[in-house]
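# Structure assessment
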Amino acid sequence: MVVGRDLEMLRNALFLCGASDEAIQQFAAKTPIMTFSSGEIVFNQDDPATAFYFVLEGWAVVFREGQDGARTAIHLVEPGESFAEAVLAREARYPASAEAATYLRVARIDTTRFRDLILQSPELALSILAAVFGKLRKLVKRIEQDQEWSPQRRVAAFLHRICGNKDGICRFELPVEQRYIAARLSMTPATLSRALSDLAAVGVEARRRKIVVSDVGRLARFVNPEDA
């Protein structure tokens, strides 16, 4: 059952933006919350797709596994994001696997129940399309950045998103292991490590997972020099 702060997060989910508050509360009352330890599998590639998920706390990584066992990270999912919505079609299977990158707490959205909710509120179909289209736009933007931005700029953008739009100093720990961040940013862990070192020139100090940004505004100007 989703209540309190979790319910407020769920209300802001793109896939529910077309639902009435009453419908959301009824839906949330029957939606279970699941927890996973870091490294625990949420679902496996090619398993029958019975649910999609909304992240309440922690991070998840979506990946595909090749025949040789090598993993290719597709998406790093943060709190407030959903994943696997595209499995709403009947008899669908998961096209990729998902694993908890940290301690993970999610709302499990049963696909059959959500299809029933769409029949009651057809506008939810447009919400799902909006959620999928929003992810597509982010993917296109990410591909463009991978091709056009330096590793230092991509890493700086990731750090700036964690700091948010505030001024002055920002201290935090990287939310997940560097290998997950490197995969998310389409680079090797070694390239990520070098980029973090290079960002000392714009006031970033990195000691393993501990990050200190001396001037968030300066970092923002490095990411988007056209706004300076």
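Presented here is a report on the structure given in the accompanying data block. Note that this is a predicted model, so its numbers are computed, not measured.

## Some words on the packing of aromatic side chains
- Counted by the stated rule, this structure contains nine aromatic pairs.
- Measuring from ring centre to ring centre gives 5.8 Å for F15 and F114, while their planes differ by 70 degrees; the resulting arrangement is edge-to-face. Residue F15 is located in the loop between α1 (4-11) and α2 (21-29), and its partner F114 is located in helix α3 (residues 111-120); the two are separated by 99 residues in the primary sequence.
- We classify F15 as buried; its relative accessible area is 1%.
- Ring centres of F43 and Y53 lie 5.8 Å apart, and the angle between their planes is 25 degrees; on these two criteria the pair is classed as stacked. Of this pair, F43 sits in strand β2 (residues 41-43) while Y53 sits in strand β3 (residues 51-57), and the two are ten residues apart along the sequence.
- A relative accessible area of 4% places Y53 in the buried class.

## Points about the sheet that holds strand β7 (residues 97-100)
- The antiparallel open sheet is built from four strands, whose spatial order is β2-β7-β4-β5. At either margin of the open sheet sits one strand with a lone partner, and together these are β2 and β5 (71-77). Across the sheet, the mean angle from the axis of one strand to that of its neighbour is 30 degrees, orientation sign disregarded.

## Regarding unusual backbone geometry
- A positive phi is found at S186, a non-glycine position, where the angle reads about 60 degrees.
- When you line up the elements, S186 lands in the loop between α6 (178-184) and α7 (189-198).
- In this structure, R208 takes a positive phi of about 55 degrees despite not being glycine.
- Mapped onto the secondary structure, R208 falls in the loop between β10 (204-207) and β11 (210-213).

## Notes on the nonpolar core
- F15, L16, F83 and F114 are the most contacted members of the largest nonpolar core, which totals 42 residues.
- Here this core gets six residues from one element, more than from any other, and that element is β3.
- Ignoring anything within four residues of it in the chain, the contact list for F15 reads L10, F52, F54, S82, I109, F114, L124, S127, I128 and A131.

## Description of the pairing of β7
- Here β7 shows no split at all, with S97 and E99 on one side and A98 and A100 on the other all buried.
- Here β2 pairs with β7 via two bridges, running antiparallel. Looking at the pairing, I41 lines up with E99 of β7.

## Side note on the pattern of salt bridges
- Under the defined criterion, the tally for this structure stands at nine salt bridges.
- With its nearest N and O atoms 3.8 Å apart, the salt bridge here joins D110 to R108.
- Take D110: its relative accessible area is 22%, and that puts it in the partly exposed class.
- R207 is the partner of E205 in a salt bridge, and the nearest nitrogen-oxygen pair spans 2.8 Å.
- Accessibility expressed as a relative area gives 60% for R207, which makes it exposed.
- Ionic contacts of the salt-bridge type, sharing partners, join the residues D6, E57 and R105 into one network.

Conventions we followed
Residues numbered from 1 in each chain as written. Predicted model: local features only at pLDDT ≥ 70, side-chain atom pairs only at ≥ 80, totals over all residues. Heavy atoms only, no water. Phe/Tyr/Trp six-rings, centres within 6.5 Å; stacked < 30°, edge-to-face > 60°. Helix = DSSP H or I, 4+ residues; strand = E, 2+ residues; numbered from the N terminus. Buried < 20%, exposed > 50% of the residue type's maximum accessible area, 1.4 Å probe, protein only. Pairing = 2+ DSSP bridges. Axes fitted to C-alpha atoms, helices over the stretch in contact; angles between N-to-C directions. Core = buried A, V, L, I, M, F, W, Y, C linked by side-chain atoms within 4.5 Å. Contact = heavy atoms within 4.5 Å. Salt bridge = Lys/Arg side-chain N within 4 Å of Asp/Glu carboxyl O.

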